[in-house]
Amino acid sequence: MNLTLYIWRQKGPDETGKMERHDARDVSRDMSFLEMLDVVNEGLVKNGKEPVAFDHDCREGICGMCSLVVNGVPHGRKEKTTVCQLHMRHFKDGDAIYIEPWRARAFPVIKDLIVDRSAMERIMYSGGYISVHTGGVPDGNAVLISKEDAETAMDAAECIGCGACIAACPNGSAMLFTAAKVSHLATLPQGRIEAAVRVCAMTEAMAGQGFGNCSNHYECEAVCPKGISVKFIAKLNREFMRAAFIKWKRERND
Amino acid sequence: MILDGKCPSGPLSEKWEKRLHEMRLVGPANKRKFTVIVVGAGLAGTSASATLAELGYKVEVFCYQDSPRRGHSISAQGGINAAKNYPNDGDSVYRLFYDTVKGGDFRSREANVYRLAAVSSNIIDQCVAQGVPFARDYAGYLENRSFGGALVSRTFYARGQTGQQLLLGAYSALCRQIKAGSVRVHPRTEMLDLVVVDGEAKGITTRNLITGEIASYAGDAVCLCSGGYSNVYCLSTNAMGSNVTATYRAFKKGAFFANPCFNQIHPTCIPVTGEHQSKLTLMSESLRNDGRVWVPGKKGDKRPPKEVPEAERDYFLERKYPSYGNLSARDVASRATKEVCDEGLGVGPGGRGVYLDFADAISRLGEEKVRERYGNLFEMYEKITAEDAYKQPMRIYPAPHYAMGGLWVDYNLQSNIPGLFVLGEANFSDHGANRLGASALMQGLADGYFIIPYTIADYLAATTPGKVKADHAEFGKSREDVDGRTRKLISLKGSKTVNELHRELGKIMWEYVGMSRSAESLRKALKLIPELRAEFWENVRVPGSGAELNQELEKAGRVADFLEFGELIAYDALHRNESCGAHFREEFQTPDGEARRDDEKFCYVAAWEFKGEGGEPELHKEPLVFETVRLATRSYK
């Protein structure tokens, strides 16, 4: 099939970007979206033009590196699919496809379709962990975890940190991303002890990194390639309230 | 030169304990004076960085991805082995050790493998404590499943995303250290050279992938955790960016490269669809627990799989290897698959595929149970092929997957260059000629959490911290070399793209240095690779400049190294006149087509020394001494 692509081109963070038209000819239905872009790029290189820069790595939908907005939707319209796993059979001959980078205040464009997602990293650094040393831990079966809790934790832990939730949110909020980590760790007995400290640290970091707040649009869940549920945002809010109450109680006792 | 692995003496089970006692320690107040450079942020790099930083060392960690949460360990699906014996099915440290040595076709270092098996249980405990949500049963206990090459269930898993969860666990430990200020992360930064000062590894030269800046970093020791080199085949299950550059640059600076011809071809990958293919996707080997592998018994049978009656199917793994059946070791399953396809019995486009059928499992367990076990894998398969594996069998074909070979290291994971340590897939030590499933995650984390923290101290304790600074002349020279090479790549302005040349290399490697090789095919490769390399350095086209984000330039540098490294694999494969594990030489097979090892002549590690570009590398040997295990013919029958 033949397609017309409109691709965002931007030389650097401080440059003005624009959409640029490219034709993709003889695209196979079996290609992945990124393989289609590879072919376009090879053509550009051959013709002495600059290829389109985009992030990608594992191409198996798990590393979270790829980050394209396809026809206005982060990762494209196919549900629960990263753009590296999106195949061209979901498009038809003659389609026009608009390809843009993640757009959010916290994600400055580095070049073309590549953005800087270090703001997400800083949320993780602020408290996205259990403070355990290497060594000196009990046997894996010493603390039992109900299957239900293990499954819930896993549902949240599946987040690949791609940032599609933020790109899809009209407020550029990192609520689902943060909630997934908070919920994953707070659901497990090992992570329970620091739950209050963690939720406060992570939400504070989130607010400080230029992300907006959540106003319940649920666009995040709709585009999440791992289907992370917005119920974890509710869980984050509960954890936050609980932490605030603990803090209040502690201060009163002092 | 005869190399010495420096294994401790004494009984196998006491060696590590003995070494722990012998090794020097660095005092708590002194640790902060030492800087350790870690290259790569997969399981090995991340776990090592977190643990070393927690001990008090200053750690600088480098990765080409935009975050240390994205190393390719993340793609590992099936699980991680540990000798916990929770299911009470007869597992033990010794059995895990023996299975691994046997799986590696008796080409690994006994003492290393035993240590790996011994610390395996600690890894599970550590990960649970970090919050890794392993699968649990209804009573809340950890679940296990079986895996290829083993008759016990010792594999722990987190759905089909075990690698992801373990990496995120290690990453969270790293985050904690970043917050504490003991680690500096350098994302989107690629190591392009190792700096050796007075014979010791004291730093690296890097390129910032955003600005193009070439910079040097000095440290007291360097840990390479940069993964494997399967992308030398162009199409592999590795991430697009996975490369040999870090280890190959170290090789060029004098580190020995061990057993490069041991490269695992994984049996269960999704077949190629066309020339545009950029990578191959692996379907976890755990699928072989419940899936049955078959082809139609007759050539040219074009009927849909459902219409081929049971009697006309050839379940060739079950037929050839009745006791292990579909769970026979990876190299064995891959070769058997290639054989049936070579005979013309393969299915799907080009006849390069076999069926992996779940119909029996679905009727035995119900679709729901199968979905619970493998749901995400079936989804992934559906995304790529648009076929529903609950209704029709999957099609699979082998693909390059894991490098057992890597930089040579001694028992302390130190290479022959003092101060250069190599961890995880980047070293050669634990998997011999073939790796068993669910063992890569185990090794990466064992090296990072439980081995390097002790062994690196033994080296550092004998050195003066901060002795070499980044203003040393060797760093300047290294930066000039890297800069010169970058300029050269940009200046060529030829007519072929990097991808085209990489694909051509991949075809040579797959055809002549692939799943089965012969002296003839290897000699051919040794002629073709230098020709292609010459063409690359005349005719490659790299647009743009070096002083900007330039993905074509990044690829060009990596492919340039693969074009030299491919030759090293061929030299190694040609010299090893035996078949063992993943290295199958057509001249050396039994009458029924199984690998024929030659323990008289080849029971050693082949460690190669760089002798100039295009020159033949020099072979050094480390004899493999088996004190405990009796060398046996590996059989999965």
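Residues numbered from 1 in each chain as written. Chains lettered and ligands numbered in written order. Predicted model: local features only at pLDDT ≥ 70, side-chain atom pairs only at ≥ 80, totals over all residues.

## Overview of the overall build of chain B
Then, number 1: Secondary structure summary: chain B contains 17 helices and 19 strands in total.
Then, number 2: Taken over the C-alpha trace, chain B has a radius of gyration of 24 Å; the compact-globule value for 637 residues is 26 Å, and the two agree within 12%.
Then, number 3: In chain B, buried positions account for 62% of the 637 residues.
Then, number 4: Relative to all contacts within chain B whose residues are 6 or more apart in sequence, the contacts with residues 24 or more apart total 74%. (Helix = DSSP H or I, 4+ residues; strand = E, 2+ residues; numbered from the N terminus. Rg over C-alpha atoms; globule rule 2.2 N^0.38 Å. Buried ≥ 20, exposed ≤ 12 C-beta atoms within 10 Å, placed from the backbone. Contact = placed C-beta atoms within 7 Å.)

## Examining the overall build of chain A
Then, number 1: Helix and strand counts for chain A stand at nine helices and seven strands.
Then, number 2: By its C-alpha atoms, chain A is 70 × 40 × 35 Å across when sized along the principal axes.
Then, number 3: Residues counted as buried form 54% of the 254 residues belonging to chain A.
Then, number 4: The long-range share in chain A, meaning contacts at least 24 apart out of those at least 6 apart in sequence, stands at 71%.

## Here's the deal with the sheet that holds strand 5 (residues 183–186) of chain B
Residue and element names in this part refer to chain B.
Then, number 1: One open sheet holds the five strands; their spatial order is 5-2-1-9-17, and the pairing between them is parallel. The sheet terminates laterally at strand 5 and strand 17 (420–422), the two strands that pair on one side only. Across the sheet, the mean angle from the axis of one strand to that of its neighbour is 20°, orientation sign disregarded.
Then, number 2: Here strand 2 (residues 58–62) runs beside strand 5; their pairing, made up of four bridges, is parallel. Within strand 5, the residue paired with Phe-62 across the bridge is His-186. (Pairing = 2+ DSSP bridges. Axes fitted to C-alpha atoms, helices over the stretch in contact; angles between N-to-C directions.)

## Quick notes on the pairing of strand 1 (residues 3–9) of chain A
All names here are of chain A.
Then, number 1: The pairing of strand 1 with strand 2 (residues 18–24) spans seven bridges and is classified as antiparallel. Each residue of the ladder has a partner; that of Arg-9, found in strand 2, is Lys-18.
Then, number 2: Two strands pair when backbone bridges link them, and strand 1 and strand 5 (residues 96–101) are joined in this way by four bridges, in the parallel orientation. If you follow Leu-5 over to strand 5, its bridge partner there is Ile-97.

## Points about the pairing of strand 6 (residues 189–197) of chain B
Residue and element names in this part refer to chain B.
Then, number 1: Counting buried residues in strand 6 gives eight out of nine residues, a clear majority hidden from the surface.
Then, number 2: Taken together, the eight bridges between strand 6 and strand 7 (residues 200–208) define a ladder with antiparallel strand orientation. Of the residues in strand 7, the one forming a bridge with Val-195 is Gly-203.
Then, number 3: In this antiparallel pair of consecutive strands, strand 6 and strand 7, the connection spans two residues, and Asp-198 shows a positive phi of 50°.

## Let's talk about the environment of Tyr-402 of chain B
Residue and element names in this part refer to chain B.
Then, number 1: Tracing the backbone shows Tyr-402 in strand 15 (residues 394–403).
Then, number 2: On the basis of neighbour count, Tyr-402 is assigned to the buried category, with 28 C-beta atoms found within 10 Å.
Then, number 3: Separated by 32 residues in sequence, Tyr-402 and Asn-434 have C-alpha atoms that sit 9.0 Å apart.
Then, number 4: When sequence neighbours within four positions are dropped, the list of residues in contact with Tyr-402 reads Gly-228, Ser-230, Gln-264, Glu-425, Arg-435 and Ala-440.

## Quick notes on unusual backbone geometry
Residues and elements named next belong to chain B.
Then, number 1: A positive phi angle is found at Phe-106, which is not glycine, with a value near 60°.
Then, number 2: Inspection of the secondary structure puts Phe-106 in the loop between helix 4 (93–103) and helix 5 (110–130).
Then, number 3: Among the residues examined, Phe-106 registers 23 C-beta atoms within 10 Å and is labelled buried.
Then, number 4: Phi angles above zero are rare outside glycine, and Asn-259 is one such case at about 45°.
Then, number 5: Assignment of secondary structure puts Asn-259 in the loop between strand 10 (257–258) and strand 11 (263–269).
Then, number 6: For Asn-259, a count of 31 C-beta atoms within 10 Å corresponds to the buried category.

## Some points on the domain arrangement of chain B
Residues and elements named next belong to chain B.
Then, number 1: Domain boundaries assigned for chain B yield domain 1 (14–264 + 402–460), domain 2 (267–400) and domain 3 (485–623).
Then, number 2: When each unit is reduced to the centre of its C-alpha atoms, the spacing between domain 2 and domain 3 is 30 Å.
Then, number 3: Taken together, the five residues of domain 2 in the interface contact five residues of domain 3.
Then, number 4: By residue number, the principal contributor to the side of domain 2 that touches domain 3 is helix 9 (residues 330–342), which donates four residues. (Domains from an automatic or database assignment.)

## Re the interface of chain B and chain A
Then, number 1: Contacts between chain B and chain A engage 61 residues on the former and 63 residues on the latter.
Then, number 2: The biggest single contributor to the side of chain B that touches chain A is helix 6 (residues 162–180) of chain B, with nine residues.

## A look at the nonpolar core
Then, number 1: Ranked by internal contacts, the top residues of the largest apolar core, which has 294 residues, are Leu-176 of chain A together with Cys-223, Leu-224 and Leu-407 of chain B.
Then, number 2: Each residue touching Leu-176 of chain A, except ones within four places of it in the same chain, is listed here: Cys-165, Cys-220, Glu-221, Cys-224, Ile-228, Val-230, Phe-232 and Ile-233 of chain A. (Core = buried A, V, L, I, M, F, W, Y, C linked by C-beta atoms within 7 Å.)

## Topic: the packing of helix 5 of chain B against helix 12 (residues 440–460) of chain B
Residue and element names in this part refer to chain B.
Then, number 1: Two elements in contact, helix 5 and helix 12, have axes whose closest approach is 9 Å; the angle formed by their N-to-C orientations is 85°. Put simply, helix 5 runs roughly perpendicular to helix 12. Residues Leu-116, Val-119, Ser-120, Asn-122, Ile-123 and Gln-126 of helix 5 pack against Met-442, Gln-443, Leu-445, Ala-446, Tyr-449 and Phe-450 of helix 12.
Then, number 2: Taken together, the residues that form the contact of helix 5 with helix 12 break down as eight nonpolar, four polar and no charged. (Parallel < 35°, antiparallel > 145°, perpendicular 65-115°, else oblique. Nonpolar A, V, L, I, M, F, W, Y, C, P; charged D, E, K, R; others polar.)

## Notes on the confidence of the model for chain B
Then, number 1: Averaged over every residue, the pLDDT of chain B is 96; the share at 70 or more is 100%.
Then, number 2: The ipTM value of the predicted complex is 0.98, and its pTM value is 0.97. (pLDDT = per-residue confidence, 0-100.)

## Remarks on the sheet that holds strand 1 of chain A
Residue and element names in this part refer to chain A.
Then, number 1: With mixed pairing, the five strands of this open sheet are ordered in space as 2-1-5-3-4. Two strands close off the open sheet at either side, each with one partner strand: strand 2 and strand 4 (73–74).
Then, number 2: Of the strand pairs in this sheet, strand 3 (residues 68–70) and strand 5 are connected by three bridges, and their pairing is antiparallel. Considered in strand 5, the bridge of Leu-68 is made with Pro-101.

## Regarding the domain arrangement of chain A
All names here are of chain A.
Then, number 1: For chain A, the domain assignment lists domain 1 (3–111) and domain 2 (118–253).
Then, number 2: Placing the centre of domain 1 and that of domain 2 at their C-alpha centroids yields a distance of 30 Å.
Then, number 3: Contact with domain 1, which involves 18 residues of that partner, is made by 17 residues of domain 2.
Then, number 4: Among the residues making up the side of domain 1 that touches domain 2, the classes are represented as nine nonpolar, six polar and three charged.

## What about helix 5 of chain B?
All names here are of chain B.
Then, number 1: Taking 1.5 Å per residue as the helical rise, helix 5 with its 21 residues ought to reach 30 Å, and the 30 Å between its terminal C-alpha atoms agrees with that figure.
Then, number 2: The sharpest bend along helix 5 measures roughly 35° and falls at Val-119.
Then, number 3: Of all 21 residues making up helix 5, 19 are buried, and the element is well covered by its neighbours.
Then, number 4: In the stretch just after helix 5, Gly-131 is the one whose phi turns positive, near 100°. (Expected span 1.5 Å × (residues − 1). Bend = angle between axes of the 7 residues up to and from the residue.)

## Re the environment of Leu-209 of chain B
Residues and elements named next belong to chain B.
Then, number 1: Secondary-structure assignment places Leu-209 in the loop between strand 7 and strand 8 (214–218).
Then, number 2: Taking the number of C-beta atoms within 10 Å as the measure of exposure, Leu-209 has 23 and is therefore buried.
Then, number 3: For Leu-209 and Gln-551, which are 342 residues apart along the polypeptide, the C-alpha to C-alpha distance reads 8.2 Å.
Then, number 4: Excluding its chain neighbours within four sequence positions, the residues that come into contact with Leu-209 are Tyr-64, Arg-188, Thr-189, Glu-190, Leu-549 and Glu-554.

## Describing helix 6 of chain B
Residues and elements named next belong to chain B.
Then, number 1: Taking 1.5 Å as the rise per residue, helix 6 with 19 residues should run 27 Å; its terminal C-alpha atoms sit 27 Å apart, in good agreement.
Then, number 2: Extensive coverage of helix 6 is indicated by the burial of 17 of its 19 residues.
Then, number 3: Once helix 6 ends, the next one or two residues include Gly-181, with phi positive near 85°.

## Overview of the environment of Glu-79 of chain A
Residues and elements named next belong to chain A.
Then, number 1: With respect to the helices and strands, Glu-79 occurs in the loop between strand 4 and strand 5.
Then, number 2: A tally of 11 C-beta atoms within 10 Å means that Glu-79 is categorised as exposed.
Then, number 3: Taking the C-alpha atoms as reference points, Glu-79 and Val-223, 144 residues apart in sequence, are found 6.9 Å from one another.

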